[in-house]
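So you can see what is in the structure, the chains are spelled out below.
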Amino acid sequence: MSKITAAITGVSGYVPDYVLTNKELETMVETNDEWITSRTGIKERRILKGEGQGTSHIAVPAVKELLKKTNTKPEEIDLLICATTTPDMVFPATANLITAEVGAVNAFGYDLQAACSGFLFALATGSKFIESGQYKKVVVVGADKMSSIVDYTDRATCIIFGDGGGAVMLEPNTEGFGIQDSILKSDGTGAPFLHMKAGGSRKPATIETVQAREHYAFQEGQQVFKFAVKGMADVSAEIMERNHLTGEDVAWLVPHQANKRIIEATANRMGLDNEKVMLNIHKYGNTTSGTIPLCLWEYENQLKKGDNLILAAFGGGFTWGAIYLKWAYDPK
Ligand SMILES: CC(C)(COP(=O)(O)OP(=O)(O)OC[C@H]1O[C@@H](n2cnc3c(N)ncnc32)[C@H](O)[C@@H]1OP(=O)(O)O)[C@@H](O)C(=O)NCCC(=O)NCCS
């Protein structure tokens, strides 16, 4: 019997309508379009507005689009994994809210929290359920409403993040397409550089924690930058090396969109020209778990069956990793 691999058979995305431009940020904090553009590559990001709107309100339209595109009935989904750092609630899992909303009555689901590497970790995890032969249709979602944890008085962080997300369908493939290899890493000694100080079990919410603005993402940008440049480039180079791939063999780098300079450093190390690098950071900023599925969604029409893709990410914690996959279908 031929080996089962987990192939992406469809991709979808969703971004909210509201566009927060660098110009508008200039009215909120001491910053300017030139600084943001040259330091990060970001021009604008999307924000989910409205009372009672959470990450599931980004994920649900994405999953509905995915089901439509892949001709899948909601009850056919076996498993839905939602990578997110901004769940609708501490519990239940956002995956449960999504499955209920889309009518995936036969699916089990759970959330996976690995900050900006969340989608990558969830994709690797979901693929194992397919490779084992246990499940046939696994939906992997990456979505975040970062505006819910961003301090819009902190100019060093509020310029970076935005809201958005996407989803992919994983199905068994016996022709060798799909996920080939993954390298996933975590190092908790990186926690001090990117974390949220309060709201967890260590420091539950109190009036004092709110007044001290401790429910927002705290970041030491330069430390994260240094780590990210090395971490993302190292794993990307390593996964190429151990799969005997040169820059010429790789059709696309699909990098986490946190800072254009970090993406360029990674592409350089891999020996890739800029035109092989998926980029939408200028439009959406860093949507945390959302960046990689949003890239795949936007570039889907340019992907050909058999293309070698390297997905690479890093995030708070620290977490980082890379996935090598063979794209499984031509543009439809
Ligand atoms: C946050 C980040 C853009 C800051 O860029 P940087 O080049 O490292 O800038 P620095 O932090 O060294 O700050 C340089 C100066 O710009 C200032 N500055 C910071 N944010 C600014 C802003 N939005 N507008 C204008 N000036 C700003 C700083 O106060 C500092 O001023 P000083 O020299 O007078 O002290 C960058 O560090 C970064 O991208 N880090 C990685 C973040 C990331 O990827 N996070 C997501 C992880 S998944």
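Note that the structure is predicted; figures quoted are calculated from it, not measured.

### As for the sheet that holds strand E1 (residues 5-14)
The strands that make up a sheet are held in pairs by hydrogen bonds between backbone atoms, and each pair lies either parallel or antiparallel.
Next, step 1: Read across the sheet, five strands follow the order E1-E7-E6-E4-E5 without closing on themselves; strand pairing throughout is mixed. Both outer strands of the open sheet, E1 and strand E5 (108-112), are each paired with one neighbouring strand and no more. Neighbour-to-neighbour, the strand axes of the sheet open up by a mean angle of 20°, direction not taken into account.
Next, step 2: With nine bridges joining them, E1 and strand E7 (residues 163-173) adopt antiparallel strand pairing. Pairing of glycine 10 across the sheet is with methionine 169, part of E7.
Next, step 3: Across the sheet, helix H11 (residues 291-299) touches E1, strand E6 (138-145) and E7, and the angle it forms with E1 is around 85°.

### Some words on the site of the ligand
Next, step 1: The environment of the ligand is made up of 24 residues, and the closest members are Thr31, Arg39, Gln219, Gln222 and Asn259.
Next, step 2: Within the side chain of arginine 39, an N or O atom sits 2.5 Å from an oxygen atom of the ligand.
Next, step 3: Glycine 221 is positioned with one of its backbone polar atoms (N or O) 3.0 Å from a nitrogen atom of the ligand.
Next, step 4: Relative to its unbound accessible surface of 960 Å², the ligand loses 75% to contact with the protein.
Next, step 5: In this structure the site holding the ligand corresponds to the second largest pocket.
Next, step 6: Those elements that place two or more of their residues in the shell around the ligand are helix H2 (33-40), helix H6 (155-158), helix H8 (221-242), helix H9 (260-270) and strand E12 (308-315).
Next, step 7: Examining the composition of the shell around the ligand, we find that four residues originate from one element, H8, more than from any other.

### Quick notes on the pattern of salt bridges
Next, step 1: Enumeration over the complete set of coordinates arrives at 13 salt bridges.
Next, step 2: The residue lysine 128 makes a salt bridge to glutamate 131 at a minimum N-O spacing of 3.3 Å. In this pair, lysine 128 and glutamate 131 both sit in helix H5 (residues 118-131), three residues apart, roughly one turn of the helix.
Next, step 3: Among the ionic pairs, aspartate 181 bridges to arginine 242, the shortest N-O distance being 2.8 Å. One end of the pair, aspartate 181, is in strand E8 (residues 178-186); the other, arginine 242, is in helix H8, with 61 residues separating them in the sequence.
Next, step 4: On the basis of relative accessible area, arginine 242 is assigned to the partly exposed category, the value being 43%.
Next, step 5: Because the salt bridges share partners, they merge into one network encompassing Glu65, Lys69 and Glu300.

### Comments concerning the packing of aromatic side chains
Both the distance between ring centres and the angle between the ring planes are used here to describe each pair of aromatic rings.
Next, step 1: Counted under the stated rule, the structure contains nine aromatic pairs.
Next, step 2: Judged by centre distance (6.3 Å) and plane angle (35°), the rings of phenylalanine 108 and tyrosine 110 are tilted.
Next, step 3: By relative accessible area, phenylalanine 108 is classed as partly exposed at 33%.
Next, step 4: The exposure class assigned to tyrosine 110 is partly exposed, which follows from its relative accessible area of 24%.
Next, step 5: Relative to tyrosine 329, the ring of tryptophan 327 lies with its centre 5.0 Å away and its plane at 45°, an arrangement referred to as tilted.
Next, step 6: Tryptophan 327 sits in the buried class, given a relative accessible area of 1%.
Next, step 7: Looking at tyrosine 329, the relative accessible area reads 9%, which means it is buried.
Next, step 8: An aromatic cluster of at least three residues, connected via ring pairs, comprises Phe108, Tyr110, Phe129 and Tyr135.
Next, step 9: A cation over an aromatic ring shows up here: lysine 49 above the ring of tyrosine 18, its NZ or CZ 4.3 Å from the ring centre.
Next, step 10: Across the ring face of phenylalanine 218, the terminal group of lysine 197 is positioned such that the distance to the ring centre comes to 3.9 Å.

### Observations regarding the domain arrangement of the chain
Next, step 1: Each domain of the chain was delimited in the assignment, giving domain 1 (5-177) and domain 2 (180-327).
Next, step 2: Summed over both sides, the interface between domain 1 and domain 2 buries roughly 3,800 Å², with carbon and sulfur atoms accounting for 64% of that surface.
Next, step 3: In this assembly, domain 1 and domain 2 are joined by two salt bridges.
Next, step 4: With a closest N to O distance of 3.0 Å, arginine 213 and aspartate 151 form a salt bridge.
Next, step 5: Across the domain 1-domain 2 interface, the total number found is 18 residue pairs in polar contact (both at pLDDT 80 or more).
Next, step 6: Mapped by element, the contributors of at least two residues to the side of domain 1 that touches domain 2 are E1, H2, strand E3 (44-47), helix H3 (56-69), H5, E6, H6 and E7.
Next, step 7: Grouping the amino acids of the side of domain 1 that touches domain 2 by side-chain chemistry returns 24 nonpolar, 17 polar and eleven charged.

### What to know about the environment of alanine 265
Next, step 1: In this fold, alanine 265 is placed in helix H9.
Next, step 2: Each C-alpha atom, one on alanine 265 and one on serine 148, is 30 Å from the other, the two residues being 117 residues apart in sequence.

Cut-off values and rules
- Residues numbered from 1 in each chain as written.
- Predicted model: local features only at pLDDT ≥ 70, side-chain atom pairs only at ≥ 80, totals over all residues.
- Heavy atoms only, no water.
- Pairing = 2+ DSSP bridges.
- Helix = DSSP H or I, 4+ residues; strand = E, 2+ residues; numbered from the N terminus.
- Axes fitted to C-alpha atoms, helices over the stretch in contact; angles between N-to-C directions.
- Contact = heavy atoms within 4.5 Å.
- Near = heavy atom within 4 Å.
- Polar contact = N/O pair within 3.5 Å; in protein donor to acceptor, adjacent residues only side chain to side chain.
- Areas by Shrake-Rupley, 256 points an atom, 1.4 Å probe, with all protein chains shown as cover.
- 1 Å grid on protein atoms, 1.4 Å probe; cavity = no way out; pocket = protein on both sides within 12 Å on 5 of 7 lines; lining within 4 Å.
- Sits in = over half its atoms within 2 Å of the grid points.
- Salt bridge = Lys/Arg side-chain N within 4 Å of Asp/Glu carboxyl O.
- Buried < 20%, exposed > 50% of the residue type's maximum accessible area, 1.4 Å probe, protein only.
- Phe/Tyr/Trp six-rings, centres within 6.5 Å; stacked < 30°, edge-to-face > 60°.
- Lys NZ or Arg CZ within 6 Å of the ring centre and 35° of its normal.
- Domains from an automatic or database assignment.
- Buried area = accessible area lost by both parts, 1.4 Å probe.
- Nonpolar A, V, L, I, M, F, W, Y, C, P; charged D, E, K, R; others polar.

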